[in-house]
Amino acid sequence: MPAAGMLTRVYGRRLALTASAYVVAHHLGLLPGGLGAAPAGTRWADWIDLLVPWLVLVPAALTLAADRPTQSTWAIFGAGAVLYASGHGIHLAANSVGNADPSPTAHLWDEQVGHLVWYAGVVLIGVALVRTMAERPRPGAGGWALAAAVGLTWASNAVGGGTEPLSLAVAVVASWFGWRCRSDLRVVLLGIAIPAAVVLALVAVAR
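Residues numbered from 1 in each chain as written. Predicted model: local features only at pLDDT ≥ 70, side-chain atom pairs only at ≥ 80, totals over all residues. Heavy atoms only, no water.

In this section: the packing of aromatic side chains. Evaluated as defined, the whole model comprises five aromatic pairs. Taking the centre distance of 6.0 Å and the plane angle of 80 degrees together, the rings of Trp-74 and Phe-77 count as edge-to-face. A residue pair is termed a helical-turn pair when its members lie 3 or 4 positions apart in one helix, as Trp-74 and Phe-77 do in helix α4 (residues 71-100) at three residues. Residue Trp-74 is classed as partly exposed on the basis of its relative accessible area of 33%. Pairing Tyr-84 with Trp-118 gives two aromatic rings, centres 6.1 Å apart and planes at 80 degrees, and the pair type is edge-to-face. In this pair, Tyr-84 is assigned in helix α4 and Trp-118 in helix α5 (residues 104-131), connecting sequence segments 34 residues apart. You can call Trp-118 buried: its relative accessible area is 6%. Of the aromatic side chains, those joined through ring pairs into one cluster are Tyr-84, Trp-118, Tyr-119 and Trp-154. Sitting over the ring of Tyr-11, Arg-136 keeps its end group 3.6 Å from the ring centre. Looking at Arg-182, its charged tip hangs above the ring of Trp-179, at a distance of 4.0 Å from the centre. (Phe/Tyr/Trp six-rings, centres within 6.5 Å; stacked < 30°, edge-to-face > 60°. Helix = DSSP H or I, 4+ residues; strand = E, 2+ residues; numbered from the N terminus. Buried < 20%, exposed > 50% of the residue type's maximum accessible area, 1.4 Å probe, protein only. Lys NZ or Arg CZ within 6 Å of the ring centre and 35° of its normal.)

There is a patch of nonpolar side chains on the surface, built from Trp-44, Trp-47 and Leu-50 and spanning about 340 Å² of accessible area. In this structure, Trp-44 sits in helix α2 (residues 44-49). (Patch = residues over 30% accessible without salt bridge, like charges linked within 9 Å, V, L, I, M, F, W, Y side chains within 5 Å. Areas by Shrake-Rupley, 256 points an atom, 1.4 Å probe, with all protein chains shown as cover. Salt bridge = Lys/Arg side-chain N within 4 Å of Asp/Glu carboxyl O.)

Core analysis: the largest hydrophobic core is formed by 38 residues, its most contacted members being Phe-77, Tyr-84, Ile-125 and Met-133. Those elements that place two or more of their residues in this core are α1 (4-25), α3 (52-67), α4, α5, α6 (141-161), α7 (164-180) and α8 (188-206). Examining the composition of this core, we find that seven residues originate from one element, α5, more than from any other. (Core = buried A, V, L, I, M, F, W, Y, C linked by side-chain atoms within 4.5 Å.)

A separate point is unusual backbone geometry. Non-glycine residue Arg-68 carries a positive phi angle of around 55 degrees. One can find Arg-68 in the loop between α3 and α4. For Arg-68, a relative accessible area of 57% corresponds to the exposed category. Not every positive phi belongs to a glycine, and Glu-135 is a case in point at roughly 70 degrees. According to the relative accessible area criterion, Glu-135 is exposed, its value standing at 76%.

Here's what the structure looks like:
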């Protein structure tokens, strides 16, 4: 049986990979010009976007597996994964269609329904991951940096997807929980939620 220290290192690497994948994959919309035109009136960025669920959900599942979680944690993750993949698919299809032929219907499914379902999946996946953090050591400097990047990604996605009020509410709840559990790795929620809440609050004030 692997030593506890080795399992902890494996878990940490997989969690860091999950956070990094989320930060990178959720900023593909920043690719200049969508990397140019592709067949059937699409953009190459649309095709790359097909990889996003795989890039995020696979390392997240591997992180959970390193912890050997309860069935309820897997159930939460499973529900989140379905919402994540469904919402992302709705967003991707509607966004691609909207780029070629803008309409209120494409806007509804892309900017409203798609983002809400997609980000609800992110929340449930986050809940499942947080359940594996109990009694684990607090993060080091690298962990805090990744946490801030995740929080800023959550905020930028909220602004881009029009989910600011709900995303701010999630950040506030996450801050409260991170403070309550500040004796172990779950304190990393503070590093995620505080930057997100500050950005979203400033955006709300600016508007």
